[in-house]
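An overview of the molecular structure
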Amino acid sequence: MNLDQLVEVANAMVAPGKGILAADESSSTIKKRFDAIKVESTEENRRDYREMLFRTETAMREHISGVILFDETIRQKAKDGTPLVKLIEAAGAIPGIKVDAGAKPLAGCPGETITEGLDGLRERLKEYYGLGARFAKWRAVIDIADGVPTWTSVKANAHALARYAALCQEANIVPIVEPEVLMDGDHDIQRCADVTEWVLKTVYEELYEQRVVLEGTVLKPNMIVPGKKSAKQASVEEVAERTVMVLERCVPVAVPGIAYLSGGQSDELATAHLDAMNRIGGFPWSMTFSYGRALQAAPQKAWGGKKENVSAAQAAFAHRAKMNGLASLGQWEKSLEKAA
Ligand code: 13P
């Protein structure tokens, strides 16, 4: 393990004013996104769409530190034959790869899942490193419902995350550790805070037990928000204060940075929350974004699969990247959205 390299990459992933583009939708997820804009999910369309994002020069250069890719994408070439990985590197961003095999039903725990993908991971990581990946992502999914999550699922998911992270570091790949507490459901914000605190405490214990070097990791957590169906929604300030409080209780100072998932928040709200946290400031890690939907909803809508819409879609992506870059510095203003 080359710790200096891991630390350097981890810090570059959370560099000031920059964040991560999560473009690692699995085949079934990207199909859902394309269905919504009436685009057929063919390999060529997926390539054209992602090529369009990676060729959004200024956004990529100024606001995107790294891109999480899906297995298909890390092997794909742009229309002119350039590997997509090379486009990302040319823009000064770091290619990364989703390595989990998805969340599958957890035996004995109805309604809960365990993320699979550890078998053969050492060999796959080696291959991905050769293809240019310098960081990876593994998403554990924790739902909230009556009697859920169980300790069984919290423990099993944290353990798998730690096993994954240790294998990544052995392969000189920075692990993004993503324990996502879902915002589906009607629970209140306190319940989200309690479950997230439990999950994060468990994750850091498991990372320690599996000998993961925290300086060479990035945490990708959910924010502390009420369930989507909760009757009582929270203000931007409350979400920011509670998220910072939970993370301060759980995340060791040795972790270089935290890159949030958007998890189904609207794109502007995800930006507002990140900005509000960075305005509080004073915490020991940088806090930025690793958004999928909150960065891509606008460009997908603007694109609609049509060549003539490419520049409008790139402008939409560039705008969201810039807004989130500002939010990562606590310098975003709502008026900038209106002006655009
Ligand atoms: P969202 O920002 O759409 O939640 O996606 C981020 C991600 O990578 C989830 O694993």
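Residues numbered from 1 in each chain as written. Predicted model: local features only at pLDDT ≥ 70, side-chain atom pairs only at ≥ 80, totals over all residues. Heavy atoms only, no water.

**Considering the nonpolar core**
Basically, it comes down to this: We call a set of buried residues a nonpolar core when its members are Ala, Val, Leu, Ile, Met, Phe, Trp, Tyr or Cys and they connect through side-chain atoms within 4.5 Å of each other. Throughout, exposure labels follow a simple rule: accessible area from a 1.4 Å probe, protein chains only, divided by the maximum for the residue type, with under 20% read as buried, over 50% as exposed, and the rest as partly exposed. Whether two residues are in contact is decided by their heavy atoms: any pair within 4.5 Å suffices.
Among the nonpolar cores identified, the biggest contains 110 residues, and Phe54 and Tyr164 are the most heavily contacted of them. When sequence neighbours within four positions are dropped, the list of residues in contact with Phe54 reads Leu21, Ala23, Met60, Val67, Leu69, Thr73, Leu84, Leu87 and Ile88.

**Comments concerning the site of the ligand**
Spelled out, the test is: Each residue is tested against the molecule or strand, and it is near if at least one of its non-hydrogen atoms lies within 4 Å. Contacts described as polar in this section are N or O atom pairs within 3.5 Å, which, within protein, must combine one atom able to donate a hydrogen with one able to accept it, while residues neighboring in sequence count only if both atoms come from side chains. Accessibility throughout is a Shrake-Rupley quantity obtained with a 1.4 Å probe, and a residue counts as covered only by protein chains that appear here. In the cavity and pocket records, a cavity denotes points on a 1 Å grid over the protein atoms alone where a 1.4 Å probe fits but cannot get out, a pocket denotes an open set with protein on both sides within 12 Å along at least 5 of 7 lines, and lining residues are residues with an atom within 4 Å of a point. Occupancy of a cavity or pocket is assigned to a molecule whenever over half of its atoms lie within 2 Å of that pocket's grid points.
The local shell around the ligand holds 13 residues, among which Lys137, Lys220, Ser262, Gly263 and Gly292 are the closest. Here Ser262 contributes a side-chain N or O atom positioned 2.5 Å from an oxygen atom of the ligand. One nitrogen or oxygen atom from the main chain of Gly263 is found 2.7 Å from an oxygen atom belonging to the ligand. Summarising the interface, the protein chains cover 91% of the accessible area of the ligand, which totals 300 Å² for the free molecule. One can see that the ligand is located within the largest pocket.

**Thoughts on the layout of surface pockets**
The criterion, for reference: Grid points are joined across faces, edges and corners, and a volume is the space filled by probe spheres set on the points. Strands here are runs of E lasting at least two residues and helices are runs of H or I lasting at least four, both read from the DSSP assignment and numbered beginning at the N terminus. Classes in brief: Ala, Val, Leu, Ile, Met, Phe, Trp, Tyr, Cys and Pro nonpolar; Asp, Glu, Lys and Arg charged; the others, Gly included, polar.
Estimates place the volume of the largest pocket at around 740 Å³. Considering the residues around the largest pocket, the lining is formed by 34 residues, among which Thr29, Arg33, Lys137, Arg139 and Arg293 are closest to the centre. Elements that contribute at least two residues to the lining of the largest pocket include exactly helix 2 (27-36), strand 4 (103-105), strand 5 (113-115), strand 6 (135-142), strand 7 (174-181) and strand 10 (286-291). If one sorts the elements of the lining of the largest pocket by residue count, helix 2 sits on top with four residues. Class assignment of the residues belonging to the lining of the largest pocket gives a composition of nine nonpolar, ten polar and 15 charged.

**Here we look at the pattern of salt bridges**
This is how the line gets drawn: Salt bridge, as used here: a side-chain nitrogen of Lys or Arg that lies within 4 Å of a carboxyl oxygen of Asp or Glu.
One pass over the structure, following the stated rule, counts 28 salt bridges. Asp80 is the partner of Arg55 in a salt bridge, and the nearest nitrogen-oxygen pair spans 3.2 Å. Placement of the pair is Arg55 in the loop between helix 3 (43-54) and helix 4 (57-63) and Asp80 in the loop between helix 5 (71-74) and helix 6 (84-90), with a sequence separation of 25 residues. Arg55 gets classed as partly exposed once you look at its relative accessible area, which sits at 34%. For Asp80, a relative accessible area of 53% puts it in the exposed group. Taking the shortest distance from any N to any O, the salt bridge between Lys334 and Glu268 comes out at 2.8 Å.

**Some remarks on the pairing of strand 6**
Residues in a regular strand point their side chains to alternate faces of the sheet. Rule in force here: Two strands qualify as a pair provided DSSP detects at least 2 bridges between them. Looking down the strands as they point away from the viewer, one classifies a crossover as right-handed if the path from the first strand across the helix to the second runs clockwise.
Here strand 6 lies mainly inside the structure; seven of its eight residues are buried. Sheet topology places strand 3 (residues 94-98) next to strand 6; three bridges connect them, and they run parallel. Bridging across to strand 6, Lys98 finds its partner in Lys137. Sheet analysis places strand 6 next to strand 7, joined by eight bridges and oriented parallel. Residue pairing for strand 7: Ala136 is matched across the bridge by Pro175. For the segment spanning strand 6, helix 8 (residues 151-170) and strand 7, crossover handedness is right-handed.

**Topic: the pairing of strand 3**
By the criterion of burial, strand 3 is predominantly enclosed, with five of the five residues buried. Of the two faces of strand 3, both are covered, the one formed by Ile94, Gly96 and Lys98 as well as the one formed by Pro95 and Ile97. Relative to strand 3, strand 2 (residues 64-69) runs parallel, the two being bridged by four bridges. Within strand 3, the position partnered with Ile68 by the bridge is Gly96.

**Some points on the environment of Arg122**
Here Arg122 shows up in helix 7 (residues 121-130). For Arg122, a relative accessible area of 45% puts it in the partly exposed group. In this structure, the C-alpha to C-alpha distance between Arg122 and Leu329, residues 207 residues apart in sequence, is 36 Å. With sequence-adjacent residues up to four places away left out, Arg122 is seen in contact with Leu167 and Glu170.

**Side note on empty space enclosed by the protein**
For the structure on display, the rule yields one cavity of 30 Å³ or more. One number sums up the size of the largest cavity: a volume of about 60 Å³. If you trace the largest cavity, you find it lined by Glu180, Val181, Leu182, Met183, Asn222, Met223, Val225, Leu261, Ser262, Gly263 and Gln265. Broken down by class, the residue content of the lining of the largest cavity amounts to six nonpolar, four polar and one charged.

**Observations regarding the packing of aromatic side chains**
Selection rule: Side-chain rings of Phe, Tyr and Trp (the six-membered ring for Trp) are treated as a pair once their centres are within 6.5 Å; stacked means planes under 30 degrees apart, edge-to-face means over 60, and tilted covers the remaining angles.
Counting across every chain of the model gives seven aromatic pairs. When the ring of Trp151 is compared with that of Trp198, the centres are 6.0 Å apart and the planes differ by 20 degrees; the resulting orientation is stacked. With Trp151 in helix 8 and Trp198 in helix 9 (residues 189-209), this residue pair connects regions lying 47 residues apart in the sequence. On the basis of relative accessibility, which here comes to 44%, the residue Trp151 falls in the partly exposed class. Ring centres of Phe289 and Tyr291 lie 5.7 Å apart, and the angle between their planes is 40 degrees; this geometry places the pair in the tilted category.

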